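# Inside the fold
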Amino acid sequence: MKKIIAFGGSTSRTSINKQLASYAAHLVADASVEVLDLNDYPLPLFSVDLEKEGIPQAAHDFYEKIGSADLLVVSLAEHNGAYSAAFKNLLDWTSRINPKNFQNKPMLLLATSPRARGGASVLEMAQNRFPYQGAQLKGTFSLPSFYENFDVNNGIIQPEIKAQLEAIVRGIEF
């Protein structure tokens, strides 16, 4: 059975991006899904001075989780048009283990936000950046207006939007 590692790029306990990543990952047939919580990987703010003391175990642990996946499902929170500070810090630390911190893994890249653009800015940023960091992008999807289009029990509630994500997921080969 294929293994999916899914996570939201946020440390919010009620992360809408973690919810979306989990939902999308569970749409993949015949796969086991492990949903990560960035709060389980606490790291000091990256600096070269701290790096000289050694890369923290939490960075190694996260990197190993990425390495265990057959597919990554990542949904990014947008903070002022960019990655959340916690996610960027995690990328910084793991890039010191390997600049290709996504380890050439296939990835479904998502974003959502409470607003109509659905994290479009961070999604575009990641689409341009993640391939350089070893992500093999297999599809991208933005869910606009999360609270209007997603129900915790039923997932995406707008049929057209739901069909769009389902088609992307069906098209992923890994």
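All of the points below concern the structure found in this document. Computed from a predicted model, the values in this text were never measured in an experiment. (Residues numbered from 1 in each chain as written. Predicted model: local features only at pLDDT ≥ 70, side-chain atom pairs only at ≥ 80, totals over all residues. Heavy atoms only, no water.)

## Quick notes on the pairing of strand β4 (residues 105–112)
Within a regular strand, side chains alternate between the sheet's two faces. Of all 8 residues in β4, 8 are buried, a share of seventy percent or more. Burial along β4 is two-sided: the residues Lys-105, Met-107, Leu-109 and Ala-111 and Pro-106, Leu-108, Leu-110 and Thr-112 are all buried. When strand β3 (residues 71–76) meets β4, the two strands line up parallel, connected through 5 bridges. Looking across to β4, one finds that Ser-75 is bridged to Leu-110. Alignment of β4 against strand β5 (residues 135–143), held across 8 bridges, turns out to be parallel. Directly across from Leu-110, in β5, lies its bridge partner Phe-141. Read from β4 through helix α5 (residues 120–129) to β5, the crossover connection turns out right-handed. (Buried < 20%, exposed > 50% of the residue type's maximum accessible area, 1.4 Å probe, protein only. Helix = DSSP H or I, 4+ residues; strand = E, 2+ residues; numbered from the N terminus. Pairing = 2+ DSSP bridges. Right-handed = clockwise from strand over helix to strand, strands pointing away.)

## Things to note about the nonpolar core
Phe-7, Leu-76, Phe-87 and Phe-130 are the most contacted members of the largest nonpolar core, which totals 28 residues. Looking at this core, the elements that each hand over two or more residues are β1 (2–8), α3 (57–67), β3, α4 (85–97), β4 and α5. Apart from residues lying up to four places away in sequence, Phe-130 is in contact with Leu-76, Tyr-83, Phe-87, Leu-91, Phe-102, Met-107, Leu-109 and Ala-135. Of all hydrophobic cores here, the second largest spans 24 residues; its members include Ala-25, Val-73, Leu-110 and Ile-168. (Core = buried A, V, L, I, M, F, W, Y, C linked by side-chain atoms within 4.5 Å. Contact = heavy atoms within 4.5 Å.)

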